[in-house]
Amino acid sequence: MSGGTRLENANPLIFQRSGERRLTATDEDEDVADPIDDREIFDIFSKSINDPEHPLSLEELNVVEQMRVNVNDQESMVSVEFTPTIPHCSMATLIGLSIKVKLLRSLPDRFKIDVHITPGTHASEDAVNKQLADKERVAAALENSQLLEVVNQCLSSRAM
Amino acid sequence: MNTFAAVLMVALLPCICINRKALKQEAGSELLYEMKGALELLQRVSAHADASCWYVAWSPAGTLLASCGGDRAIRIWGKEGDSWECKSVLADGHQRTVRKVAWSPCGKYLASASFDATTCIWKKTNDDFEFLTVLEGHENEVKCVTWAPSGNLLATCSRDKSVWIWEVDEEDEYECVSVVNSHTQDVKHVVWHPTQELLASASYDNKVCIYKEEDDDWGCRATLEGHESTVWSLAFDPEGQRLASCSDDRTVKIWKESTPGDGSTDESWKCVCNLSGFHGRTVYDVAWCRLTGALATACGDDGVRVFREDPTADPEQPVFFMSAHVPKAHGQDINCVSWNPKEAGLRATCSDNGEFAIWKYNSDS
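- For chain B, an unreviewed UniProt entry supplies the name Probable cytosolic iron-sulfur protein assembly protein CIAO1 and the organism Sinocyclocheilus anshuiensis.
- A UniProt comment under Sequence similarities (unreviewed entry) is attached to chain B, and it reads "Belongs to the WD repeat CIA1 family."

- Identification of chain A as Cytosolic iron-sulfur assembly component 2B from Sinocyclocheilus anshuiensis is taken from an unreviewed UniProt entry.
- Heading Sequence similarities (unreviewed entry) of the UniProt record for chain A holds this comment: "Belongs to the MIP18 family."

### Some thoughts on the overall build of chain A
- The number of helices and strands found in chain A is six helices and five strands.
- Scanning chain A from its N terminus toward the C terminus, one meets helices and strands in the order α-α-β-β-β-β-α-β-α-α-α.
- Contacts spanning at least 24 positions in sequence make up 70% of the contacts within chain A whose residues lie at least 6 apart.
- For chain A, the exposed area adds up to about 8,900 Å²; of that, 50% sits on carbon and sulfur atoms.

### A word on the interface of chain A and chain B
- Contacts between the two partners involve 16 residues from chain A and, on the opposite side, 27 residues from chain B.
- A combined buried area of about 1,700 Å² lies between chain A and chain B, and 42% of that area is made up of carbon and sulfur atoms.
- When the area that chain A buries against chain B is broken down by residue, the three leading residues are A:K135, A:E136 and A:E143, summing to 39%.
- Here chain A and chain B share ten salt bridges between them.

### Observations regarding the environment of B:D302
- Assignment of secondary structure puts B:D302 in the loop between β23 (295–299) and β24 (304–309).
- B:D302 gets classed as buried once you look at its relative accessible area, which sits at 1%.
- Here the alpha-carbon distance between B:D302 and B:S351, two residues 49 residues apart in the chain, equals 8.3 Å.
- In this view, B:D302 contacts A:K112, B:V326, B:P327, B:K328, B:A329, B:H330, B:G331, B:Q332, B:D333 and B:I334; residues no more than four positions away in its chain are not counted.
- Of the polar contacts made by the side chain of B:D302, one reaches the side chain of A:K112; its length is 2.4 Å.

### Looking at the pattern of salt bridges
- Here the structure, examined in full by the defined rule, presents 25 salt bridges over all chains.
- B:R281 is the salt-bridge partner of A:D114, the closest N and O atoms lying 3.4 Å from each other. Placement of the pair is A:D114 in strand β5 (residues 112–117) and B:R281 in the loop between β21 (268–275) and β22 (283–288), with the two residues belonging to separate chains.
- Exposure remark for A:D114: the relative accessible area of 27% places this residue in the partly exposed category.
- Each of A:D134, A:E136, A:R137, B:R99, B:K143, B:D186 and B:K188 takes part in one network of salt bridges that share partners.

### Section: the side chain of A:R137
- Within the fold, A:R137 resides in helix α5 (residues 135–142).
- If sequence neighbours within four positions are ignored, A:R137 has contacts with A:Q131, B:K143, B:R159, B:D186, B:K188 and B:Y204.

### Here's the deal with the UniProt feature "repeat: WD" (unreviewed entry) in chain B
Residues and elements named next belong to chain B.
- When the UniProt feature table is mapped onto this chain, "repeat: WD" (unreviewed entry) is found at residues 56–77, 91–123, 135–176, 180–212, 224–256 and 327–365.
- Helix makes up 0% of residues 56–77 and strand 59%, with an end-to-end C-alpha separation of 10 Å.
- Along residues 180–212 the backbone is 0% helical and 55% strand, and the end-to-end C-alpha distance reaches 11 Å.

### Re α5(A)
Residues and elements named next belong to chain A.
- Counting buried positions along α5 gives six out of eight residues, so the element sits mostly inside the fold.
- All of the buried residues in α5 are K135, E136, R137, V138, A140 and A141.
- Between a side-chain oxygen at the N-terminus of α5 and the backbone nitrogen of E136 the separation is 3.0 Å; the capping residue is D134.

### A closer look at the sheet that holds strand β4 (residues 74–80) of chain B
Residues and elements named next belong to chain B.
- The four strands are arranged β2-β3-β4-β5 in an open sheet whose pairing can be described as antiparallel. The sheet is open, and its two borders are formed by β2 (53–58) and β5 (83–90), each paired with just one other strand. Between one strand axis and the next, the sheet turns by 25° as a mean value, whatever way the strands run.
- As paired strands, β4 and β5 are joined by seven bridges and run antiparallel to one another. Residue E80 lies in a different strand from β5, and its bridge partner there is S83.

Reading guide: rules and limits
Residues numbered from 1 in each chain as written. Chains lettered and ligands numbered in written order. Predicted model: local features only at pLDDT ≥ 70, side-chain atom pairs only at ≥ 80, totals over all residues. Heavy atoms only, no water. UniProt positions renumbered as here; feature names shortened; annotations may be inferred. Helix = DSSP H or I, 4+ residues; strand = E, 2+ residues; numbered from the N terminus. Contact = heavy atoms within 4.5 Å. Areas by Shrake-Rupley, 256 points an atom, 1.4 Å probe, with all protein chains shown as cover. Buried area = accessible area lost by both parts, 1.4 Å probe. Salt bridge = Lys/Arg side-chain N within 4 Å of Asp/Glu carboxyl O. Buried < 20%, exposed > 50% of the residue type's maximum accessible area, 1.4 Å probe, protein only. Polar contact = N/O pair within 3.5 Å; in protein donor to acceptor, adjacent residues only side chain to side chain. Pairing = 2+ DSSP bridges. Axes fitted to C-alpha atoms, helices over the stretch in contact; angles between N-to-C directions.

Here is the structure:
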């Protein structure tokens, strides 16, 4: 991923960022434990994950849309569907891996995390989804220091 | 016999017949059997700090338990009084996660398979283990290592899609005698037949391969297809007549070898039982107890389950029912389940939360 190569995805569509979430009364109440909900998951990564090729958040690039996040706090399950920006994006696995890693690092251990590509939006979605679902492959990949470095770069906040 | 007993017998008789018939039609239905078995937790041990515990293996004598994990270490545990204590730590063998460990049939050697692409052999000396040698050759992560019952052969498999067979001689020299490339993807697990020199492998390509040596050449003699996703683990039954496989497709399948009556050497394995609807997520491991015939599974839904075989069913169409289930046995995915080879009902499991647990299973509670 040298700087000299032409970006694969030079003109991504940019969507309006949805407004800040309005706080409700129970959100402000310190005694009520906040269950983890869809918006919170979305907030965890949408503001901090970068598309490796573009210094904009994934939400702005429409790589991840809010309605594709499904959280069940009681069952400790999170499911995230993401749409790679262009169908042949070779970065789909890396983006998916970065989303998965961010969630693994941010959520309590009890959560089962499923990250997959929005059906019909990618030529190799089955192959990518299978890799993302294989925790042994994910664990081994993250022991590769070069790959881990790329994932960490992907996840670093762009806000300075 | 009094009237009451006679009436009861007459009333019960048709129910028993109906149950058997229904069982044959709906293999694996748990509603027709009460779960008579029970699993009692004996001890929980935090074995690998801040890392997954990927595998546990009992020594052949059943007195030691080896565990391995994401912290790159292998730990040997022994019982002192009522509790399991750490006897040895083998920390310098691998540069990455240790995925599986296996004891030699004599109990004097331990093999460890790692994501660092090597397999280490350790020799037991008095109360400790010393590093003996390292087996290199795989191109990337080694997913499994297993000793043949003879003690002279070892098999390893890897994400490089290959299965390697190694021979060991009396001078502790290891030599690779065969590399077999029958899978099209990552090979997750290899296991030897309990009595014959026959090997089975499970893969990310959703298939199981059976290997035999013919004319000094190891090759894949049969391919078992049926799983709809990665096959994670395998276990032969005590007699070696059937093979259990477990998968990311959330099922456990039982396969039986059928040799055609015409005397030809073409063997085929058929799926004779499909246990589906029991597991909520990927089934990572399956273990078949040599002493009791009970089948245990390790699942990504954090539950441990034990299945028993219906003794009255047709051997060509076995029926298994769930005998015990502990829903949240560990706080995270269960990676491995292993029956103690000497003490009936004693079982170990381990999890992504770095723990292993020792259980006692009773078939009739």
